[in-house]
Structures are given as C-alpha cells and as structure tokens.
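# Breakdown of the fold
Given next are the chains, with one letter for each unit.
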Amino acid sequence: EGVPLDITMTIIDMAGGDVPMEGAAVYLWQCDAAGQYSMYSEGVEEETYLRGVQIADDAGVVRFTSVFPACYEGRWPHVHFEVYRDRAGITDAETAIATSQLAFPKDVCDAVYATAGYESSVRTMSRVSLNSDSVFREDGAVHQMATVTGDVRAGYRVSLPVGVDTRTEPATRGGSGRR
C-alpha cells in the first residue's frame, strides 16, 4: 500500500572521469507507508519487502519500482542505498564503496502525506526538518535530494545522479547498517 514510486539512479564513477559506472550493483531499502522496515521492525522481521538489488546498465542506470516511504520520528523521508563495484560484491555488505540516502522535496512529501495511509507521517513530518535530520543536516541533502515528477494519483518518478569515488576502499563497519 502507498503512493507508487519509480526510482531511477545514475551511478557515476567520479575517479574514472565522471563516466557511467556500468555493472555497479545497487542495493536499495526503505520503510513502507506505515514507517516499518522489513527484516527489522517488530512484526515484519521475517518479511523482505521494499528491498532490492539492480545492476547498472551501460549508461550507469538502475531502476526500482516502490512506494513512497513514510516519515517516521526524527528522520526526513528517505530511501537508503549502497553501491558495490559489481554484481559479485553485493553478497558482502562490507564491500560497499558508497552508502547514502535519497531525500524527497517537502512539497512532494506534503502532497503524499495528505493521502490515505500516511496519516502518521503528517504528524512526524511537522516535527522534522532537513536541518534536524541526523543524516541530512550536514549539507541539507544537497547531494541526496531527488528530482521528482508526477502526482499522487499517477505516482511519482524520482531521479538522482550518484557520484561514487571508486578509489574508496570498503571499510569494515562491524555490521551492514542495513535497517
């Protein structure tokens, strides 16, 4: 349930001359319209919805079909993602070369949260800002803010260019960070 969302990300190899990163693997995960994360939130630990992997095409593009995420306490509406050098790397969360989140413009969030199923997001959205968000406050989501087109009836199309420094050495994080 939720407002349809089509996500397109273009993965760019910054260290290689800002060229498309063909073959990169992107793992994406997010909460549902109620703010629940499959595999994590109480009651859905055994579920695996709103998670997926795509491999970048020759233009560095990956596409996901999803639903607009809820706004939950303390966080601006977002979608998590990790980038891996290739398909083989995706099996080990410790080999991610980039971990980030995609953010949504406030006007789009307000329109979505005015629809049925997102009632709790109206309250939580009123108590959070990009400047108070633990992730986006650093730069106001300047590099994570998606370009969004569409509407609540037809759904939204989201795009985000993702620059990746392929010189990055995967860091051992003591856990995947995958909520």
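On average, residues of the chain score 92 in pLDDT, and 94% of them are at 70 or above. Within the model, pLDDT remains below 50 along residues 173–179, and this stretch shows 23 contacts once partners closer than five positions in the same chain are excluded.

On to a negative patch on the surface, then. Together, Glu42, Glu45, Glu46 and Glu47 make up a region of like negative charge exposed at the surface. Relative to the helices and strands, glutamate 45 is located in the loop between strand S3 (25–29) and strand S4 (51–55). A relative accessible area of 39% means that glutamate 45 is categorised as partly exposed.

Moving on: the pattern of salt bridges. According to the stated counting rule, one finds 5 salt bridges in the structure shown. Aspartate 133 is the partner of arginine 75 in a salt bridge, and the nearest nitrogen-oxygen pair spans 2.6 Å. Residue arginine 75 is found in the loop between strand S5 (61–67) and strand S6 (78–84), and its partner aspartate 133 is found in the loop between helix H2 (119–125) and strand S8 (147–151); the two are separated by 58 residues along the sequence. Grouping residues by exposure puts arginine 75 and aspartate 133 together as buried. The partner of lysine 106 in a salt bridge is aspartate 110, and the shortest N-O contact between them spans 2.7 Å. Of this pair, lysine 106 and aspartate 110 both sit in helix H1 (residues 106–113), 4 residues apart, roughly one helical turn.

Now for the nonpolar core. Across soluble globular proteins, nonpolar side chains show a tendency to be buried alongside one another. With 41 residues, the main nonpolar core has Ile7, Met9, Ile11, Phe68, Val83, Leu102 and Phe104 as its most contacted residues. Counting only elements with at least two residues in this core, the list comes to strand S1 (4–13), S3, S5, S6, strand S7 (98–103), H1 and strand S9 (155–164). Here the element with the most residues in this core is S9; it accounts for 5 residues. Formed by 11 residues, the second largest nonpolar core is a distinct cluster that contains Ala25, Trp29, Cys31 and Tyr37.

Our focus in this paragraph is the sheet that holds S6. A sheet is described by the order of its strands in space; here 4 strands give the open sequence S4-S3-S6-S7, paired in antiparallel fashion. With partners counted over all chains shown, the strands left at the sheet margins are S4 and S7, one partner each. Between one strand axis and the next, the sheet turns by 25° as a mean value, whatever way the strands run. Taken together, the 6 bridges between S6 and S7 define a ladder with antiparallel strand orientation. Looking at S7, one finds that histidine 78 is bridged to alanine 103.

The backbone of leucine 50 sits at a positive phi, close to 55°, despite the residue not being glycine. Here leucine 50 lies in the loop between S3 and S4.

With respect to burial, S5 is a largely interior element, 5 of its 7 residues being buried. Note that S1 and S5 share 7 bridges and pair antiparallel. Bridge pairing links methionine 9 to valine 62 in S5.

Scoring rules and cut-offs
Residue numbering note: each chain is counted from 1, following its sequence as written. Only residues with pLDDT of 70 or above have their local features reported here, since the model is predicted, and side-chain atom pairs are shown and tallied only from 80 upward, although totals for entire chains, interfaces and linings are computed over all residues. Only hydrogens and water are removed before side-chain values are computed, so all heavy atoms of the structure are retained for them. How sure the predictor is of each residue is captured by pLDDT, a score from 0 to 100. Throughout, a residue-residue contact means that at least one pair of heavy atoms, one from each residue, lies within 4.5 Å. Think of a patch as exposed residues, more than 30% relative accessible area, with no salt bridge, where like charges cluster within 9 Å and nonpolar side chains (Val, Leu, Ile, Met, Phe, Trp, Tyr) cluster within 5 Å. Only the protein chains shown count as cover for residues, and the accessible areas themselves come from Shrake-Rupley with a 1.4 Å probe. Within this document, salt bridges are pairs made up of a side-chain nitrogen of Lys or Arg and a carboxyl oxygen of Asp or Glu, the two lying within 4 Å of each other. This count recognises Lys and Arg as positive and Asp and Glu as negative, with His and chain-terminal groups excluded. By convention, charge coordinates are those of NZ in Lys, CZ in Arg, CG in Asp, or CD in Glu. Numbering of helices and strands starts at the N terminus; helices are DSSP runs of H or I of at least 4 residues and strands are runs of E of at least 2. Buried, partly exposed and exposed residues are distinguished by accessible area as a fraction of the type maximum, computed with a 1.4 Å probe on protein chains only: under 20%, between the cut-offs, and over 50%, respectively. Among the buried residues, those of types Ala, Val, Leu, Ile, Met, Phe, Trp, Tyr and Cys that are joined through side-chain atoms within 4.5 Å form a nonpolar core. Between any two strands, at least two bridges found by DSSP are needed for them to pair. All axes here are fitted lines through C-alpha atoms, helices being fitted over the stretch that makes contact, and every angle between N-to-C directions spans 0 to 180 degrees.

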